[in-house]
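Here's the letter readout for the chains.
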Amino acid sequence: MKHERSIPIASEGDAAAVFGRGSLAGRLREAALEVLSPTRCAGCERPGELICKECLARIEVIDPVHACTRCGAPFGDLLCTECGAGADEDAAPPGASAERTTPGRDGSHPDGALDRCLAATVFTDPVPRIIRTYKDAGERRLGALIAELMFDAAEHAELVAPDRFGDILNGAEAVTFVPVTAAAFNRRGFDHMEVIARRMAELAGLPLIDALAKHGSADQRSLGRAERQERSRDVYEVVEPVAGMRLLLLDDVITTGATMRAAASALHAAGAAHVDALAFARVW
């Protein structure tokens, strides 16, 4: 698998994407933007870098050896206490095959939801500020950096926990992502996960499939577990062929897992053979 590992923390931006990284117009535009609005750390606002070395060092990385393979929680070994206690919630309806609904010993969950789930970091300072700066303040240059952090997490998980996360990256046939609603796209002017997924696909040497459309307009960040699960039902529509494919599904934050499960369920219903999930952060 070939990939580039050369994302400068503070120098790549939208201008480079539009005008060409080495073009004179691109360099002049970036220089002008830097004068008008100097780059500041998304975690602490220190000038000079998108994420300074001090904030990078403060990010709490999840150890895949002990993470829950079903929801990405940082403490789970096989399954975290929440997923283990809630296993009956996913039991088969009367007459359905129990074999299709029982999580495997490694946490795999072949009932039409997620097969495995990995999160790169814990949703603690400075991660929430980084995500808000990216999504809500429009600092799009963070997308490439977040993608690299997620890519590193997947590579690390394959290396140190092959029995749990083996081939989560190398076994995927394509990358896809949880999209925003049309209302969120219009408000922000971009789909934050598409930017991340595009860079992730480049790093992994995989095709990117814009497979899902999201209906509705509600922002789920203020909702509780039950409300999130209810709002996530029938929200996603598969709009590209995915039958028989092994997919890596990306999202920025996992809170209850309802969003990821709903998206994965739609992909499985459309014929996807396997859906692993990868997120930047896990609320815990």
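Here the structure is a predicted model, which means the values were calculated and not measured.

Chemist: I keep staring at the side chain of Arg-164 and nothing clicks. Help me out?
Modeler: For Arg-164, the location among the structural elements is in helix α7 (residues 162-165). Of the buried charged residues, Arg-164 lacks a salt bridge, with Asp-163 as the closest side chain of opposite charge at 5.3 Å. Separated by 2.5 Å, the side chain of Arg-164 and the backbone oxygen of Pro-64 make a polar contact.

Chemist: How should I be thinking about the sheet that holds strand β6 (residues 274-282) in this particular structure?
Modeler: Within a sheet, each strand pairs with its neighbour through backbone hydrogen bonds, oriented either parallel or antiparallel. Here we have 4 strands laid out as an open sheet, ordered β1-β6-β5-β2, and parallel in their pairing. The open sheet terminates on both sides in strands that have one partner only, identified here as β1 (116-122) and β2 (174-177). On average, each strand axis in the sheet is inclined to that of its neighbour by 25 degrees, with strand direction left out of account. Examined bridge by bridge, β2 and strand β5 (residues 246-254) share 4 bridges and lie parallel to one another. Note that in β5 the partner of Ala-174 across the bridge is Leu-247. Seen against the sheet, helix α5 (residues 127-135) touches β1, β5 and β6 and runs at an angle of roughly 105 degrees to β6.

Chemist: What exactly am I supposed to notice about the pairing of β1 here?
Modeler: The side chains of a regular strand alternate, residue by residue, between the two faces of the sheet. In terms of residue burial, β1 counts as a mostly covered element, since 7 of its 7 residues are buried. Here 6 bridges tie β1 to β6, and the two strands are oriented parallel to one another. Looking across to β6, one finds that Leu-118 is bridged to Leu-278.

Chemist: Got a minute to help me understand the nonpolar core in this structure?
Modeler: Nonpolar side chains tend toward joint burial in soluble globular proteins. In this structure, Leu-142, Ile-146, Met-150, Leu-169, Met-200, Leu-250 and Leu-278 are the most contacted members of the largest nonpolar core, which totals 42 residues. Mapped onto this core, the elements with two or more residues apiece are α5, α6 (142-160), β2, α9 (192-204), β5 and β6. For this core, the element with the most residues is α6, which contributes 8 residues. Dropping the residues within four chain positions of it, Ile-146 is found in contact with Ile-130, Tyr-134, Ile-196 and Phe-280. Counting residues in hydrophobic clusters, the runner-up holds 24 residues, among them Val-235, Met-245, Ala-262 and Ala-277.

Chemist: So what exactly am I meant to see when it comes to the packing of α5 against α6 here?
Modeler: Each packed pair of helices is defined by two parameters, the angle between the axes and the distance between the axes. Closest axis-to-axis distance for the α5/α6 pair is 10 Å, and the angle between their directions is 140 degrees. Our classification of the angle between α5 and α6 gives oblique. Of the residues in α6, those touching α5 at Ile-130, Thr-133 and Tyr-134 are Leu-142, Gly-143 and Ile-146. Class assignment for the residues of the contact of α5 with α6 results in 4 nonpolar, 2 polar and no charged.

Chemist: So what exactly am I meant to see when it comes to unusual backbone geometry here?
Modeler: Residues other than glycine predominantly adopt negative phi, and peptide bonds predominantly adopt the trans conformation. The amide bond that connects Asp-125 to the next residue, Pro-126, takes the cis arrangement and shows omega of 10 degrees. Here Pro-126 shows up in the loop between β1 and α5. The phi angle at Glu-45 is positive, at roughly 70 degrees, despite the residue not being glycine. Of note, Glu-45 is situated in the loop between α2 (24-36) and α3 (53-58). In this structure, Asp-167 is a non-glycine residue whose phi angle is positive, near 65 degrees. Position of Asp-167 relative to the elements: it lies in the loop between α7 and β2. Since its relative accessible area comes to 45%, Asp-167 is described here as partly exposed.

What counts, and where the lines are drawn
- Residues numbered from 1 in each chain as written.
- Predicted model: local features only at pLDDT ≥ 70, side-chain atom pairs only at ≥ 80, totals over all residues.
- Heavy atoms only, no water.
- Helix = DSSP H or I, 4+ residues; strand = E, 2+ residues; numbered from the N terminus.
- Buried < 20%, exposed > 50% of the residue type's maximum accessible area, 1.4 Å probe, protein only.
- Lys, Arg positive; Asp, Glu negative; His and termini not counted.
- Salt bridge = Lys/Arg side-chain N within 4 Å of Asp/Glu carboxyl O.
- Polar contact = N/O pair within 3.5 Å; in protein donor to acceptor, adjacent residues only side chain to side chain.
- Pairing = 2+ DSSP bridges.
- Axes fitted to C-alpha atoms, helices over the stretch in contact; angles between N-to-C directions.
- Contact = heavy atoms within 4.5 Å.
- Core = buried A, V, L, I, M, F, W, Y, C linked by side-chain atoms within 4.5 Å.
- Parallel < 35°, antiparallel > 145°, perpendicular 65-115°, else oblique.
- Nonpolar A, V, L, I, M, F, W, Y, C, P; charged D, E, K, R; others polar.

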